[in-house]
Amino acid sequence: MIQALMAGVVLVLVGRAILGAVHLKVGEGQHDVAQVSKGKKEIAGSLVGAFVVASIGTIFTIVYGMGI
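What counts, and where the lines are drawn
- Residues numbered from 1 in each chain as written.
- Predicted model: local features only at pLDDT ≥ 70, side-chain atom pairs only at ≥ 80, totals over all residues.
- Heavy atoms only, no water.
- Helix = DSSP H or I, 4+ residues; strand = E, 2+ residues; numbered from the N terminus.
- Buried < 20%, exposed > 50% of the residue type's maximum accessible area, 1.4 Å probe, protein only.
- Contact = heavy atoms within 4.5 Å.
- Areas by Shrake-Rupley, 256 points an atom, 1.4 Å probe, with all protein chains shown as cover.
- Lys, Arg positive; Asp, Glu negative; His and termini not counted.
- Salt bridge = Lys/Arg side-chain N within 4 Å of Asp/Glu carboxyl O.
- Expected span 1.5 Å × (residues − 1).
- Patch = residues over 30% accessible without salt bridge, like charges linked within 9 Å, V, L, I, M, F, W, Y side chains within 5 Å.

### Examining the overall build of the protein
Line of reasoning, step 1. When helices and strands are counted, the protein shows 2 helices and 0 strands.
Line of reasoning, step 2. With respect to the principal axes defined by its C-alpha atoms, the protein has extents near 55 × 15 × 10 Å.
Line of reasoning, step 3. Within the protein, the proportion of its 68 residues that are buried is 22%.
Line of reasoning, step 4. Once local pairs closer than 6 in sequence are excluded, the contacts in the protein between residues at least 24 apart make up 50%.
Line of reasoning, step 5. In the form shown here, the protein has an accessible surface area of approximately 5000 Å², with 76% of it arising from carbon and sulfur atoms.

Here it is as structure tokens:
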């Protein structure tokens, strides 16, 4: 159950990173510094969040395996 929830969260975060990439491209095309900054923040935040969730999943699996 927890792994399915984590997988869903990772998918949402990857989707947010893709949305940030779209904001980045649109901002570069329109020479809009605020849009580019927003895109960079979304990409960075989403990728860091996905890394943290994946790390928690790995740690949870290791700890659970040691308990068995």
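The discussion continues.
### Side note on the side chain of Glu42
Line of reasoning, step 1. Structurally, the position occupied by Glu42 is in helix α2 (residues 33–67).
Line of reasoning, step 2. Salt bridges are absent for the buried Glu42, whose nearest opposite-charge side chain, Lys38, sits at 4.4 Å.
Line of reasoning, step 3. Sequence-distant contacts of Glu42, defined by excluding residues within four places in its chain, comprise Arg16, Leu19, Gly20 and His23.

### Notes on α2
Line of reasoning, step 1. Look at α2: 51 Å from first C-alpha to last across 35 residues, which is about the 51 Å you get at 1.5 Å a residue.
Line of reasoning, step 2. Looking at α2, one finds that the buried residues are Val36, Gly39, Glu42, Ser46, Gly49, Ala50, Val53 and Gly57.
Line of reasoning, step 3. Here the buried face of α2 lies against α1 (2–30).

### Here's the deal with a nonpolar patch on the surface
Line of reasoning, step 1. A contiguous nonpolar surface patch, about 390 Å² in accessible area, is contributed by Val14, Ile18, Leu19, Val22 and Val26.
Line of reasoning, step 2. Overall, Val14 belongs to the partly exposed group, its relative accessible area being 38%.

### Details of the environment of Ala21
Line of reasoning, step 1. Positionally, Ala21 belongs in helix α1.
Line of reasoning, step 2. Along the primary structure Ala21 and Gly49 are separated by 28 residues, whereas in three dimensions their C-alpha atoms are 16 Å apart.

### Points about the environment of Val63
Line of reasoning, step 1. The topology assignment puts Val63 in helix α2.
Line of reasoning, step 2. Residue Val63 is classed as exposed on the basis of its relative accessible area of 53%.
Line of reasoning, step 3. Separated by 60 residues in the primary sequence, Val63 and Gln3 have C-alpha atoms spaced 14 Å apart.

### Quick notes on unusual backbone geometry
Line of reasoning, step 1. Positive phi is not limited to glycine here, since His31 has a value of about 55 degrees.
Line of reasoning, step 2. Its location among the elements puts His31 in the loop between α1 and α2.

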